[in-house]
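Here is how the chains run, residue by residue.
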Amino acid sequence: MNKQETAMVGFEIVAYAGDARSKLITALREAEKGDFDKAEALIKEANELITEAHKSQTDMLQAEARGEDIEMSFIMIHGQDHLMTTMLLRDVIHSMIALYKR
């Protein structure tokens, strides 16, 4: 996988993770207002987006495991950063919503 292809996967991961992050923040705001059904629906949508980002990441990992040469790009590193922080945010927001429900 050349640097341009790696960068495109990075952009894909950034897009999915960014959309998921927005949905998670909105879910927290809905929970603050007491609309837990809407919050849960948004979290479900965010999880689906995170899954798509993770699939892109996994495809690259599998390619490298098969011995393909992967040229890393800064955009890909940026995408990985977005995905991991979004996954952490999901966990934190899950806990915060549980507290709002109490």
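Only a predicted model underlies this, so the values are computations on that prediction, with no experimental measurement involved.

Enquirer: When you look at the packing of helix α1 (residues 3-32) against helix α3 (residues 74-101) in this model, what are you seeing that I'm missing?
Expert: Running from N to C, α1 and α3 cross one another at 15 degrees; their axes reach a closest spacing of 8 Å. Considering the angle they form, α1 stands roughly parallel to α3. Taken as a pair, α1 and α3 cross one another with a handedness that is left-handed. Of the residues contributing to the contact of α1 with α3, the split by class is 20 nonpolar, 7 polar and 3 charged.

Enquirer: Is there a simple way to explain the environment of Glu45 in this structure?
Expert: Within the secondary structure, Glu45 is located in helix α2 (residues 36-65). Taking the C-alpha atoms as reference points, Glu45 and Leu24, separated by 21 residues in sequence, lie 8.8 Å from one another.

Enquirer: Looking at this structure, how should I read the nonpolar core?
Expert: Nonpolar side chains tend toward joint burial in soluble globular proteins. Counting 21 residues, the largest nonpolar core has Ile13 and Ile97 as the members making the most contacts within it. Mapped onto this core, the elements with two or more residues apiece are α1, α2 and α3. Sort the elements by how many residues they give to this core and α2 lands first, with 9 residues. Discounting chain neighbours no more than four positions away, the residues touching Ile13 are Ala53, Ser56, Gln57, Met76, Gly79, Gln80 and Leu83.

Enquirer: Sorry, what's going on with α3 here?
Expert: An α-helical turn contains 3.6 residues, so a residue and the one three or four places further along point in the same direction. Taking 1.5 Å as the rise per residue, α3 with 28 residues should run 40 Å; its terminal C-alpha atoms sit 40 Å apart, in good agreement. Regarding α3, the residues found buried are Met76, Gly79, Leu83, Thr86, Ile93 and Ile97. Close packing links the buried residues of α3 with α1 and α2.

Enquirer: I keep staring at the packing of α2 against α3 and nothing clicks. Help me out?
Expert: Packed helices, taken two at a time, are described by their axes: the angle between them and the distance between them. Interaxial distance between α2 and α3 falls to 11 Å at its minimum, and their mutual angle equals 155 degrees. Here α2 lies roughly antiparallel to α3, going by the angle between them. The hand of the α2/α3 crossing is left-handed. Contacts from Phe36, Ala39, Glu40, Ile43, Asn47, Ile50, Ala53, His54, Gln57 and Met60 in α2 reach Met76, Gln80, Leu83, Thr86, Met87, Arg90, Ile97, Tyr100 and Lys101 in α3. Of the residues assigned to the contact of α2 with α3, the class counts are 11 nonpolar, 5 polar and 3 charged.

About the thresholds
- Residues numbered from 1 in each chain as written.
- Predicted model: local features only at pLDDT ≥ 70, side-chain atom pairs only at ≥ 80, totals over all residues.
- Heavy atoms only, no water.
- Axes fitted to C-alpha atoms, helices over the stretch in contact; angles between N-to-C directions.
- Helix = DSSP H or I, 4+ residues; strand = E, 2+ residues; numbered from the N terminus.
- Parallel < 35°, antiparallel > 145°, perpendicular 65-115°, else oblique.
- Left-handed = near helix turned anticlockwise from the far one by under 90°.
- Nonpolar A, V, L, I, M, F, W, Y, C, P; charged D, E, K, R; others polar.
- Core = buried A, V, L, I, M, F, W, Y, C linked by side-chain atoms within 4.5 Å.
- Buried < 20%, exposed > 50% of the residue type's maximum accessible area, 1.4 Å probe, protein only.
- Contact = heavy atoms within 4.5 Å.
- Expected span 1.5 Å × (residues − 1).

In short, shape yes, function no, at least from these values alone.
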